[in-house]
Each structure stands twice: as C-alpha cells, then as structure tokens.
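Structure at a glance
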Amino acid sequence: MMKHTMALSLTVLSAWFSGCATDRSEMLLDPVGPAPMQTAAANSSNGAVVVYSAYQVNADFNARDPRRPEYSDYRIFTADGNLQQRVHDNSGSMLQRPQRVELPAGTYRVTAQANGYGLVTVPVVIEAGRDTVLHLEGGAIWPAQSGFNRTNAVRLPDGEIVGWKAAPAL
C-alpha cells in the first residue's frame, strides 16, 4: 500500500510541476502594419516583414561572429492559420541582421519569441511596396520614435514598442 501511495504521489507531483512549466499562454498583440510615413516602392506587388525576434539563448559557434547575438527563428502563418514559412532570422551578413521576408500583400500572423514574454503572436498587415517591422528583441531604437503615441503604436505590456498599429481596413 505504501509503495502505491508513494508512486501515486510522485505521479501527481510530476504532473503538477510539468503543468506549471507549460502553462504559459501565448500572448496575442494588436495588428502591426507599415509605418504611415513610409512611401511605397513603385512597381511592387509584394511587401515585406522584418522581425527583430528575441535573441537566441545559446551561442552559435558556426556563425560569422559567434560573439554577436543572433535573432531567434520564427514562423509566418496565413490569415486562415496555415503555415506560410519558417524563417531562420539571420540574413547571413557580417552584422547578422534579421531576414527581410517578401510576401504578397495581405494579412498574416507572425509567431516569434519576444524578450521577456516568450512566444507571442502578432497579426501583420503586408502592403505592396512597403515593409512591416516588428521589434520583439527589447530595447529597440526607432528612428521615428517621437511619432509614436498611445493610439498608433502596438506595445508589449511593459510599454516596449513592437511596431506601428495597422491602419483600419476601409
């Protein structure tokens, strides 16, 4: 009887601890679109997304510069939930910048790691000839940060700016 009680107790404790470890729900943010002042490139039917995802936890000693942090990989889903693309978020340049991923104009969902928040889902609007930029790495420096306000920025709970709020559909 004592063996069964001990086995049952260990099983219950294991389930409880694993439930605590995996009970983090994924965060869903507001839709992000291109900067309102960005002009569209002529003769382009595609737009692009650039995701500054959270840095990878482990060093990549095969990288060009193993001391420079690399952005974590992410996934892009279509509006109806189908996987569009898995993205290795490294351009391969010496500076190890994030990938610029061209996509047909439309709405998508990006699922990526955000610094301090784990996995987040960000709906993105891709417009022809324009780039939609997401900053999930923490501490982003926005060139036009003074243009952001409470109504036009998508933010993480700590106030960190993720990107420009997508313009409402007409």
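Below: a short report on this structure. (Residues numbered from 1 in each chain as written. Predicted model: local features only at pLDDT ≥ 70, side-chain atom pairs only at ≥ 80, totals over all residues. Heavy atoms only, no water.)

**A word on the overall build of the chain**
What the chain contains, in helices and strands, is one helix and 11 strands. Written out in order from the N terminus, the α and β elements of the chain read α-β-β-β-β-β-β-β-β-β-β-β. Taking all 170 residues of the chain together, the buried fraction comes to 35%. Taking all contacts inside the chain whose residues are at least 6 apart in sequence as the whole, residues at least 24 apart take part in 59%. Of the roughly 10700 Å² of accessible surface on the chain, 55% is carried by carbon and sulfur atoms. (Helix = DSSP H or I, 4+ residues; strand = E, 2+ residues; numbered from the N terminus. Buried < 20%, exposed > 50% of the residue type's maximum accessible area, 1.4 Å probe, protein only. Contact = heavy atoms within 4.5 Å. Areas by Shrake-Rupley, 256 points an atom, 1.4 Å probe, with all protein chains shown as cover.)

**Here we look at the nonpolar core**
Ranked by internal contacts, the top residues of the largest apolar core, which has 23 residues, are Val49, Val51, Tyr74, Ile76, Val110, Leu134 and Val162. Listing elements by their share of this core, those giving two or more residues are strand E3 (46-52), strand E4 (74-78), strand E6 (100-104), strand E7 (106-114) and strand E8 (118-126). Excluding anything up to four places from it in sequence, Tyr74 contacts Val49, Val51, Gln85, Arg86, Val87, Asp89, Gln99, Val101, Val110, Thr111 and Ala112. (Core = buried A, V, L, I, M, F, W, Y, C linked by side-chain atoms within 4.5 Å.)

**Points about the pairing of strand E5 (residues 83-87)**
Summarising the sheet, E4 and E5 pair through four bridges and their orientation is antiparallel. Each residue of the ladder has a partner; that of Tyr74, found in E5, is Val87. Between E4 and the antiparallel strand that follows it, E5, lie four residues; Gly81 among them carries a positive phi value of about 95°. (Pairing = 2+ DSSP bridges.)

**So, the packing of aromatic side chains**
If you walk through the whole model with that rule in mind, you get three aromatic pairs. Ring geometry for Tyr52 versus Tyr71: centroids 5.6 Å apart, planes at 85°, classification edge-to-face. Of this pair, Tyr52 sits in strand E3 while Tyr71 sits in the loop between E3 and E4; the two residues are 19 residues apart in sequence, bridging distant segments of the chain. On the accessibility criterion, Tyr71 (9% relative accessible area) is buried. (Phe/Tyr/Trp six-rings, centres within 6.5 Å; stacked < 30°, edge-to-face > 60°.)

**Description of the sheet that holds E3**
Within the open sheet, the three strands sit side by side as E6-E3-E9. Their pairing is mixed. Single-partner strands in this sheet number two, and they are E6 and strand E9 (131-135). Each neighbouring strand pair of the sheet contributes to a mean axis angle of 25°, computed without reference to strand direction. Pairing analysis gives five bridges linking E3 to E9, with the strands arranged parallel. Note on E9: the bridge partner recorded for Val51 is Leu134. (Axes fitted to C-alpha atoms, helices over the stretch in contact; angles between N-to-C directions.)

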